[in-house]
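Chain residues, written in single-letter form:
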Amino acid sequence: MKKTTKWICALFSATALLASVGASAKDLRLGLIVPGTHAWTQAAQAMGEELKERSGGKYSVSVFPAGQLGSEARMLQQLQTGALDMAFMTTAEIANRVPDFGALFAPYLVKDVVQAGELLNGPSAQGMLTQLPAKAGVVGLGYGVAGMRLMLNAFPTESVEAVEGRKIRITPFPPVQDFYRLLGAASTPMPITDVYDALANGQVDGVDADLELIWKLRLHERAKSVLQSNHMMFPVIGLMSGRIWAQTSEQDRALIRELTRKHLNSLTAQYEQSEAQTQASIEEAGITLVRVGPEFFGDKLQQWEDIWMKKTPVLADLRKEAAALAP
Ligand code: BEZ
């Protein structure tokens with residue numbers, strides 16, 4: 001073959017390759033309610049970059065943090081219609097529709113983020129994901145962790161009785177609603193992004209949150225008492241629209257699943273490392289953290305357990321798996 005002919009052939013193949021990638025290239029829109037600085041958003045961005053690279057440019061991911069696409073309830077609807085491709089969201093919205101997921105929020109199911117990451121990769125939690133296409137119209141790709149839950153209060157919280165009658169901001173879904181009802185609190189549903197002002201104007205007296213949210217949303221400027229109870233894990237779930245999934249090849253599904261799981265799983269190590277630093281930053285800002293364990297809640301925890309053992313058999317399985325985890 002002459003040199004010029006070889007050149008023309010090479011140019012033709014390169015153009016054809018680019019045209020084929022261009023024709024089938026897909027930008028996946030991924031929504032989150034957490035801010036751009038939050039670890040979940042960073043995991044979504046890292047997943048998108050790796051997906052672009054590993055798919056040779058066939059896929060890219062546009063990340064929309066801070067509730068730009070609406071609340072999690074709204075994003076779930078968009079996933080169901082195919083108007084949104086992916087979301088990393090709290091498991092709360094899913095637990096509102098599929099009750100078994102509520103068992104993941106059992107008080108003191110795990111002791112820290114490392115155990116949380118392990119349990120979420122175990123058979124019961126993974127098994128629950130298979131319910132999602134039929135019950136919620138979405139595909140559950142995997143889970144990640146957030147910091148353990150605690151309370152930030154604008155009142156001294158020396159005993160569990162101090163919470164009685166207080167307006168506590170919660171993420172509204174059954175396991176957390178039951179927990180605060182048993183504590184005698186007046187639970188106040190509210191997106192986490194509204195809490196700063198609500199603490200300032202007395203709309204709430206306290207908030208169920210985690211160290212990262214307190215620090216990144218600067219909630220410690222509005223309430224000074226951190227009850228570091230670590231009473232629940234708070235998983236994030238990686239979701240893909242069932243409609244978009246149905247139009248995706250087996251090979252592409254495997255890649256999207258693998259990378260979503262990889263980057264969600266990476267959150268465990270990140271939170272394990274950042275927790276001490278976040279705590280130190282909050283303490284340096286003049287806030288005292290009071291560490292308490294299950295004993296602080298007295299018989300309230302058993303009451304929660306009795307209710308939820310009747311609601312879902314998955315709770316007993318999760319407790320068994322959790323008991324077998326390394327301490
Ligand atoms: C919350 O509602 O408390 C929450 C929201 C996003 C991430 C973690 C927690």
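Look a little higher up for the structure.
Note that the structure is predicted; figures quoted are calculated from it, not measured.

*Asks:* Just give me the short version of the overall build of the protein, but keep the residues and values in it.
*Replies:* Within the protein, the secondary structure is distributed over 14 helices and 11 strands. In summary, the protein has a C-alpha radius of gyration of 22 Å against a globular reference of 20 Å for 327 residues, a match within 12%. Its C-alpha atoms give the protein principal-axis dimensions of roughly 90 × 45 × 35 Å. When each of the 327 residues of the protein is scored for burial, the buried share is 52%. Taken as a whole, the protein presents about 14400 Å² of accessible surface, with 55% of it coming from carbon and sulfur. Once the 32 positive and 34 negative side-chain charges of the protein are each reduced to a mean point, those two points are 9 Å apart.

*Asks:* I'd like to hear about the environment of Leu129, residue by residue, with values.
*Replies:* Along the polypeptide, Leu129 turns up in helix H6 (residues 123-129). On the accessibility criterion, Leu129 (7% relative accessible area) is buried. Put simply, Leu129 and Leu239 are 110 residues apart on the chain and 9.8 Å apart in space, counted from C-alpha to C-alpha. Discounting chain neighbours no more than four positions away, the residues touching Leu129 are Phe101, Gly140, Leu141, Gly142, Tyr143 and Ile237.

*Asks:* Outline the sheet that holds strand E4 (residues 138-144), listing residues and values.
*Replies:* To summarise the sheet geometry, strands pair through backbone hydrogen bonds and adopt either a parallel or an antiparallel arrangement. One open sheet holds the five strands; their spatial order is E2-E1-E3-E10-E4, and the pairing between them is mixed. The sheet is open, and its two borders are formed by strand E2 (59-64) and E4, each paired with just one other strand. The average undirected angle you get between the axes of adjacent strands in this sheet is 25 degrees. Bridge analysis of E4 against strand E10 (residues 236-241) gives six bridges, and the strand direction is antiparallel.

*Asks:* Account for the nonpolar core, naming residues and giving values.
*Replies:* Ranked by size, the top nonpolar core spans 90 residues in total, and within it Phe101, Leu104 and Leu132 carry the most contacts. Contact partners of Phe101, with chain neighbours within four places excluded, come to Thr91, Ile94, Ala95, Met128, Leu129, Leu132, Tyr143 and Ile237. Of all hydrophobic cores here, the second largest spans 19 residues; its members include Leu152, Leu199, Ile214 and Leu289.

*Asks:* Please set out the sheet that holds strand E6 (residues 167-170) residue by residue, giving values where relevant.
*Replies:* Taken in spatial order, the six strands make up an open sheet running E7-E6-E8-E5-E9-E11, and their pairing is mixed. At either end of the open sheet lies a strand with only one pairing partner, and these are strand E7 (186-189) and strand E11 (288-291). Strand-to-strand twist across the sheet, computed as the mean angle between neighbouring axes with direction ignored, equals 25 degrees. As paired strands, strand E9 (residues 225-228) and E11 are joined by four bridges and run parallel to one another. Bridge assignment links Gln228 to a residue of E11, and that residue is Arg291. Packing of helix H8 (residues 174-182) onto the sheet brings it into contact with strand E5 (150-153), E6, E7 and strand E8 (206-209), and relative to E6 it is tilted by some 165 degrees.

*Asks:* Can you tell me about the packing of helix H5 (residues 113-120) against helix H12 (residues 250-284), naming the residues and giving the values?
*Replies:* Orientation of H5 relative to H12, taken along the N-to-C sense of each, is 170 degrees, at an axis distance of 9 Å. Judged on the interaxial angle alone, H12 and H5 are roughly antiparallel. From H5, Val113, Val114 and Gly117 reach across to H12, where they touch Thr268, Tyr271 and Glu272. Taken together, the residues of the contact of H5 with H12 break down into three nonpolar, two polar and one charged.

*Asks:* Break down unusual backbone geometry for me, citing the residues and quoting the values.
*Replies:* Although it is not a glycine, Ala66 adopts a positive phi angle of roughly 60 degrees. Relative to the elements of secondary structure, Ala66 occurs in the loop between E2 and helix H3 (72-81). The backbone of Arg218 shows a phi angle near 55 degrees, a positive value even though the residue is not glycine. Here Arg218 lies in the loop between helix H10 (211-216) and E9.

*Asks:* Lay out the environment of Ala223 in plain terms, naming residues and giving numbers.
*Replies:* With respect to the element layout, Ala223 can be found in the loop between H10 and E9. On the accessibility criterion, Ala223 (2% relative accessible area) is buried. In this structure the C-alpha to C-alpha distance between Ala223 and Ala200, which are 23 residues apart in sequence, comes to 8.4 Å. For Ala223, the residues in contact, after removing those within four places along its chain, are Leu152, Asn153, Ala154, Leu199 and Ile287.

*Asks:* Before we move on, can you summarise the pairing of E5 with the specific residues and values?
*Replies:* Judged by which residues are buried, E5 turns out to be covered on both faces: Leu150 and Leu152 on one side and Met151 and Asn153 on the other are all buried. Note: E5 against E8, four bridges, orientation antiparallel. Note that in E8 the partner of Leu152 across the bridge is Val207. Across three bridges, E5 lies against E9 in antiparallel orientation.

What counts as what
Residues numbered from 1 in each chain as written. Predicted model: local features only at pLDDT ≥ 70, side-chain atom pairs only at ≥ 80, totals over all residues. Heavy atoms only, no water. Helix = DSSP H or I, 4+ residues; strand = E, 2+ residues; numbered from the N terminus. Rg over C-alpha atoms; globule rule 2.2 N^0.38 Å. Buried < 20%, exposed > 50% of the residue type's maximum accessible area, 1.4 Å probe, protein only. Areas by Shrake-Rupley, 256 points an atom, 1.4 Å probe, with all protein chains shown as cover. Lys, Arg positive; Asp, Glu negative; His and termini not counted. Charge placed at Lys NZ, Arg CZ, Asp CG, Glu CD. Contact = heavy atoms within 4.5 Å. Pairing = 2+ DSSP bridges. Axes fitted to C-alpha atoms, helices over the stretch in contact; angles between N-to-C directions. Core = buried A, V, L, I, M, F, W, Y, C linked by side-chain atoms within 4.5 Å. Parallel < 35°, antiparallel > 145°, perpendicular 65-115°, else oblique. Nonpolar A, V, L, I, M, F, W, Y, C, P; charged D, E, K, R; others polar.

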